[in-house]
Amino acid sequence: MVTARGVQALCGAANRLRASPWVRAGLLTVVLVFCGYGLAVNWPQVHPAVGRLHWYSISGAALAAVAGAGCMMLAWREVLADLGTRLAAPAACRIMFVAQLAKYVPGAVWVFAAQVELGHDYHVPRRRGATAVVIALALVLGVGLLTAAVALPLASAGAARQYWWALAIAPLILIGLCPPVLGRLLDRALTLVRWQPLERRPSVRGVARALGWTALGWLLWGLQAWVLVRDITGRGAHVLLLAFGAYAIAWSAGILIVVFPGGIGPRELALVAALAPVMPRGAALVIALISRVVMTTSDLIWGAVGLAIGRWAHRPGTKPGSTDPLRSPQGQAAEPTGSLS
């Protein structure tokens, strides 16, 4: 059984590794190599198809992907604020997007550990940081499955039958995200891992604000897919719901099948299958691969922004424990040494 001691050991190991500049440089190199590998493997199949797409469609899809990721970051920031730690936007950007680069390294725990430890650098208690990551991911997954459950049946009866499980899971996740239910579930989960309950339970207002940012993020990610589908099929509003639902179910499949780094493989297969009603398999594969490149590029752009923020935040003269220039005035005090709260 996973315990607080095990989580503390994982986060502590990550923290010790990051203490060495050589190790940090090595880990960053590994992450960038995996990201580059994902682009390189897909590029031979993507390159011939790029000529079939207009440059403005690819650019528009990339902008929508970047903006959607920004909304997801703001949703996580709202969850964390609701639990008791309000971070300035640049600090939240650095924590989330540098940690997100780790999803391209095999192993589902790296993003979680990296986000918790980077948050701890900004005095986010580990227990609170871990809980915020779980809630934010549940929101993204719940809204994504709900999007698929609503859009796919309206767009394609065949897709609805194929992805019936999304219709079944989505309501359960959304019920679990209702603040009264969510608070009890969190208390129970924290007890199971031998952590104390949170000082503040999620509130209706806080969850609603995070849900709003998450929904806007999904709207932009759905537009990213629709722009590409529209350009290849020549259809407009007729493929809007299918594109939204197809990308939502594909992204959810990539998250649920955790053994594949960044969802590479399952996401593309699910997207090809969901787009089958409106285009040949080959064209659907082109959409899936270009969407992967677009989303990976978004991760790299935001990761570079986060790394740049990190260099500014830790410029010479900023001592450990001093006021961080990226922390908002409402930031919380550092947790006591040795505490896992």
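Just so it is clear, the model here is predicted, and its values are computed rather than measured. (Residues numbered from 1 in each chain as written. Predicted model: local features only at pLDDT ≥ 70, side-chain atom pairs only at ≥ 80, totals over all residues. Heavy atoms only, no water.)

Structural notes on a nonpolar patch on the surface
Stated precisely, the cut-off is as follows: What makes a patch is a set of residues exposed beyond 30% relative accessible area and free of salt bridges, joined within 9 Å when like-charged and within 5 Å when nonpolar (Val, Leu, Ile, Met, Phe, Trp, Tyr). The Shrake-Rupley method, run with a 1.4 Å probe sphere, supplies the accessible areas, and residue values consider only the shown protein chains as cover. By convention in these notes, a salt bridge is any Lys or Arg side-chain nitrogen within 4 Å of a carboxyl oxygen on Asp or Glu. Note on conventions: DSSP H or I runs of at least 4 residues are helices, E runs of at least 2 residues are strands, and numbering of each starts at the N terminus.
On the surface, Leu146, Val150, Leu154 and Leu241 cluster together into a nonpolar patch covering about 360 Å² of accessible area. Examined against the element boundaries, Val150 turns out to sit in helix α6 (residues 126–155).

Re the pattern of salt bridges
Applying the stated criterion to the full structure yields five salt bridges. With a shortest N-O distance of 3.1 Å, Lys103 and Asp299 are connected by a salt bridge. Here Lys103 is found in the loop between α4 (89–100) and α5 (109–121), whereas its partner Asp299 is found in helix α13 (residues 281–313), with 196 residues between them in sequence. One connected set of salt bridges, linked through shared partners, spans Glu78, Arg86 and Arg209.

A closer look at the confidence of the model for the protein chain
For the record, the criterion: Scored from 0 to 100, pLDDT reflects the predictor's confidence in each residue. Throughout, a contact is declared for two residues whenever any of their heavy atoms are within 4.5 Å.
Confidence along the protein chain averages 77 in pLDDT terms, with 71% of residues attaining 70 or more. Of all the helices and strands in the protein chain, helix α1 (residues 4–18) carries the lowest mean pLDDT, 50, while helix α3 (residues 55–83) carries the highest, 95. Within the model, pLDDT remains below 50 along residues 314–341, and this stretch shows 47 contacts once partners closer than five positions in the same chain are excluded.

Let's talk about the packing of α3 against α4
The angle between the axes and the distance between the axes are what describe a pair of packed helices. In plain terms, the rule: Every axis in this analysis is a line fitted to C-alpha atoms, fitted for helices over the stretch in contact. Angles between the N-to-C directions lie between 0 and 180 degrees. With respect to orientation, any angle under 35 degrees is reported as roughly parallel, any angle over 145 as roughly antiparallel, any angle of 65 to 115 as roughly perpendicular, and every other angle as oblique. Polar here means any residue other than Ala, Val, Leu, Ile, Met, Phe, Trp, Tyr, Cys and Pro, which are nonpolar, and Asp, Glu, Lys and Arg, which are charged; Gly is therefore polar.
As a packed pair, α3 and α4 sit with axes 10 Å apart at the nearest point and diverge in direction by 105 degrees. With respect to their mutual orientation, α3 and α4 come out roughly perpendicular. For the pair α3 and α4, the contacting residues are Ala69, Gly70, Met72, Met73, Trp76 and Arg77 in the first and Ala89, Ala92, Cys93, Ile95, Met96 and Phe97 in the second. A class-by-class count of the residues in the contact of α3 with α4 yields 10 nonpolar, one polar and one charged.

As for α4
Heads up, the rule is: Multiply 1.5 Å by the residue count of a helix minus one, and that product is the helix's expected span. Accessibility here uses a 1.4 Å probe with only protein chains present; expressed as a share of the type maximum, an area under 20% marks a residue as buried, one over 50% as exposed, and anything in between as partly exposed.
The first and last C-alpha atoms of α4 sit 16 Å apart over 12 residues, in line with the 16 Å expected at 1.5 Å per residue. Summarising burial for α4: nine of the 12 residues are buried, a large majority. Ala91, Ala92, Cys93, Arg94, Ile95, Met96, Phe97, Ala99 and Gln100 are the residues of α4 that are buried.

Details of the packing of α3 against helix α10 (residues 204–233)
What counts here: Crossings are sorted by hand: turned counterclockwise from the far helix by less than a right angle, the near helix makes the crossing left-handed, and turned clockwise it makes it right-handed.
Contact geometry of α3 with α10 gives a least axis separation of 8 Å together with a crossing angle of 165 degrees. Classified by the angle between their axes, α3 and α10 sit roughly antiparallel to one another. The way α3 lies across α10 gives a crossing that is left-handed. Residues of the contact of α3 with α10, tallied by class, amount to 20 nonpolar, six polar and four charged.

A look at unusual backbone geometry
Here the phi dihedral of His123 falls at roughly 65 degrees; this positive angle occurs in a residue that is not glycine. His123 sits in the buried class, given a relative accessible area of 17%.

Digging into the side chain of Asp299
Asp299 gets classed as buried once you look at its relative accessible area, which sits at 13%. Setting aside its immediate chain neighbours within four residues, Asp299 contacts Leu101, Lys103 and Tyr104.

Notes on the packing of aromatic side chains
Defined as follows: Stacked, edge-to-face and tilted are the three classes for Phe, Tyr and Trp ring pairs, Trp counted by its six-membered ring, which pair at centre distances within 6.5 Å; planes under 30 degrees apart are stacked, over 60 edge-to-face, the rest tilted.
Enumeration according to the criterion identifies six aromatic pairs in this entry. Judged by centre distance (5.9 Å) and plane angle (80 degrees), the rings of Trp55 and Tyr56 are edge-to-face. Using a relative accessible area of 65% as the deciding quantity, one classes Trp55 as exposed. The exposure class assigned to Tyr56 is partly exposed, which follows from its relative accessible area of 47%. Members of the aromatic cluster, each reached through a chain of ring pairs, are Trp218, Trp221, Tyr247 and Trp251.

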